[in-house]
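What the coordinates show
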Amino acid sequence: MSTNFVGSVQAKAQEVAKEDFGRAKVLINDAAKSGSYLYPVKGIVYFATHKSLWKPLLSKLGPYVTLSVGVVTSMFAFTYLPQLAIMVFVNGPLAVFTTVLLVLSESATIISLVSRNFMLQDALLDTFDGTLVSKNATEIVTEGRQLKSGADPIDRLGKILKSPFSRFSPKALVRYVMYLPLNFIPVVGTVAFILLNGRSRGQSVHDRYFQLKRWSASQTSSWLSEHAGPYTAFGTVATLLEMVPVASIFFSFTNAVGAALWAADIEAKENQMSQGTAPGLRETAKKAE
């Protein structure tokens, strides 16, 4: 009886593992085909070569650097050693490095929570919209704000007609806390922690784009589910970049630029996110109308 039960459990576990592996393989293939993981890098290059997009960042640089230095210094001073003492039991010598990643991730979450709600929201919105304008995607931008005449994409941004990005979701913070124990699993756990946070990050990068498209919550959810791989890939790269102390503000803005470049490519039917992406977008857009 017990032998049969154990065999049944093992068979079920193997079946579940096989299904999960299959899903992961599909997500990885979709992400690889889409090239979405390159958009954060494209955002860095585009931002660096278009000085007009620097204005929102420069206006917030001083306060953000002060916040980042304060948070990172405090986190390492008060939480590194206590967490290292715990991590060393499960990660051994690697705990020195995995704890650094953990503290950086925690710091990045605190900085993101504070800055996006009270400091950077309008600046990131201007950066996203300004990038769309610079890519000649003015038609969709006018769905959310007035545009002035001129050559400078940031100076062209006028009154906001639709409310900007949603504020930090409590669910995101709850998920983060739930995922923290993964760091107690050597190496693999830390990687899984970053990937899971990358998935959450990726699901929010096109909030403004979906808003401009006038998509409902169900349409947005359907689109994100259909393209989970590409958005997870983008979010993971963006998360890793934003974990860099102090420089995370720069990457927050370049990630906004990268997300806007991706949105512009989708809108222009030029990206190759997956087979049938552009037609699928057109069908969804028609339904939204």
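Residues numbered from 1 in each chain as written. Predicted model: local features only at pLDDT ≥ 70, side-chain atom pairs only at ≥ 80, totals over all residues. Heavy atoms only, no water.

As recorded by an unreviewed UniProt entry, the protein chain carries the name Outer spore wall protein RRT8 and is attributed to Cercophora newfieldiana. According to the UniProt record, the Subcellular location (unreviewed entry) comment for the protein chain is "Membrane". (UniProt positions renumbered as here; feature names shortened; annotations may be inferred.)

Here the focus is the pattern of salt bridges. Throughout the structure, instances matching the rule amount to eight salt bridges. When the shortest N-O distance is used, the salt bridge between Asp152 and Lys55 registers 2.8 Å. Here Asp152, found in the loop between strand 1 (145-147) and strand 2 (157-160), pairs with Lys55, found in helix 3 (residues 55-91); they are 97 residues apart in sequence, far enough to count as distant. In this structure Asp152 comes out as buried when scored by relative accessible area, which is 19%. The class of Lys55 is partly exposed, set by a relative accessible area of 35%. Between Arg145 and Asp126 there is a salt bridge, and its shortest N-O distance comes to 3.1 Å. Here Arg145, found in strand 1, pairs with Asp126, found in helix 5 (residues 121-134); they are 19 residues apart in sequence, far enough to count as distant. Given the relative accessible area of 22%, Asp126 is considered partly exposed. (Salt bridge = Lys/Arg side-chain N within 4 Å of Asp/Glu carboxyl O. Helix = DSSP H or I, 4+ residues; strand = E, 2+ residues; numbered from the N terminus. Buried < 20%, exposed > 50% of the residue type's maximum accessible area, 1.4 Å probe, protein only.)

A separate point is the environment of Ala238. With respect to the helices, strands and loops of the structure, Ala238 is situated in helix 11 (residues 228-242). On the basis of relative accessible area, Ala238 is assigned to the buried category, the value being 0%. Placed 37 residues apart in sequence, Ala238 and Arg201 show a C-alpha to C-alpha distance of 7.8 Å. Apart from residues no more than four positions distant in its own chain, Ala238 is found in contact with Pro40, Arg201 and Asn255. (Contact = heavy atoms within 4.5 Å.)

Right, let's get into the UniProt feature "transmembrane region" (unreviewed entry) in the protein chain. The residues that UniProt annotates with the feature "transmembrane region" (unreviewed entry) are residues 61-82, 94-114 and 176-196. Taken as a whole, residues 61-82 contains 100% helix and 0% strand, while its terminal C-alpha atoms sit 32 Å from one another. Annotated as 95% helix and 0% strand, the span residues 94-114 places its first and last C-alpha atoms 31 Å apart.

Let us look at the packing of helix 11 against helix 12 (residues 248-267). Two numbers describe how helix 11 lies on helix 12: the axes approach to 9 Å, and their chain directions differ by 160°. Here helix 12 runs roughly antiparallel to helix 11, going by the angle between their axes. The way helix 11 lies across helix 12 gives a crossing that is right-handed. Note on element contacts: helix 12 touches helix 11 through Ser248, Phe251, Ser252, Asn255, Gly258, Ala259, Trp262 and Ile266, opposite Pro230, Tyr231, Phe234, Ala238, Leu241 and Glu242. Class assignment for the residues of the contact of helix 11 with helix 12 results in nine nonpolar, four polar and one charged. (Axes fitted to C-alpha atoms, helices over the stretch in contact; angles between N-to-C directions. Parallel < 35°, antiparallel > 145°, perpendicular 65-115°, else oblique. Left-handed = near helix turned anticlockwise from the far one by under 90°. Nonpolar A, V, L, I, M, F, W, Y, C, P; charged D, E, K, R; others polar.)

Another aspect to go through is the confidence of the model for the protein chain. Mean pLDDT over the protein chain: 79, with 73% of residues reaching 70 or higher. The low-confidence segment residues 12-22 (pLDDT under 50) makes zero contacts with residues lying over four places distant or belonging to another chain. Contacts for the low-pLDDT stretch residues 270-282, under 50 throughout, to residues beyond four places or in other chains number 25 contacts. (pLDDT = per-residue confidence, 0-100.)

In this section: the nonpolar core. Within the largest apolar cluster, 50 residues are counted, with the highest numbers of intra-cluster contacts made by Leu132, Tyr231 and Phe253. Top contributing element to this core by residue count: helix 12, with eleven residues. Each residue touching Leu132, except ones within four places of it in the same chain, is listed here: Ala137, Thr138, Ile140, Val141, Leu212, Ala260, Ala263 and Ala264. (Core = buried A, V, L, I, M, F, W, Y, C linked by side-chain atoms within 4.5 Å.)

On the surface, Val88, Phe89 and Val90 cluster together to form a nonpolar patch covering roughly 310 Å² of accessible area. Positionally, Val88 belongs in helix 3. (Patch = residues over 30% accessible without salt bridge, like charges linked within 9 Å, V, L, I, M, F, W, Y side chains within 5 Å. Areas by Shrake-Rupley, 256 points an atom, 1.4 Å probe, with all protein chains shown as cover.)

Okay, the packing of aromatic side chains next. Tallied over the full model, the rule gives ten aromatic pairs. Consider the rings of Tyr209 and Phe210, whose centres lie 6.0 Å apart with planes at 45°: the pair is tilted. Ring geometry for Tyr231 against Trp262: centres 4.6 Å apart, planes inclined by 35°, an arrangement best described as tilted. Here Tyr231 is found in helix 11, whereas its partner Trp262 is found in helix 12, with 31 residues between them in sequence. Taken individually, Tyr231 and Trp262 each receive the classification buried, so the pair is uniform in this respect. Geometry around Tyr39 places Lys42 over its ring, the cationic atom sitting 4.4 Å from the centre. (Phe/Tyr/Trp six-rings, centres within 6.5 Å; stacked < 30°, edge-to-face > 60°. Lys NZ or Arg CZ within 6 Å of the ring centre and 35° of its normal.)

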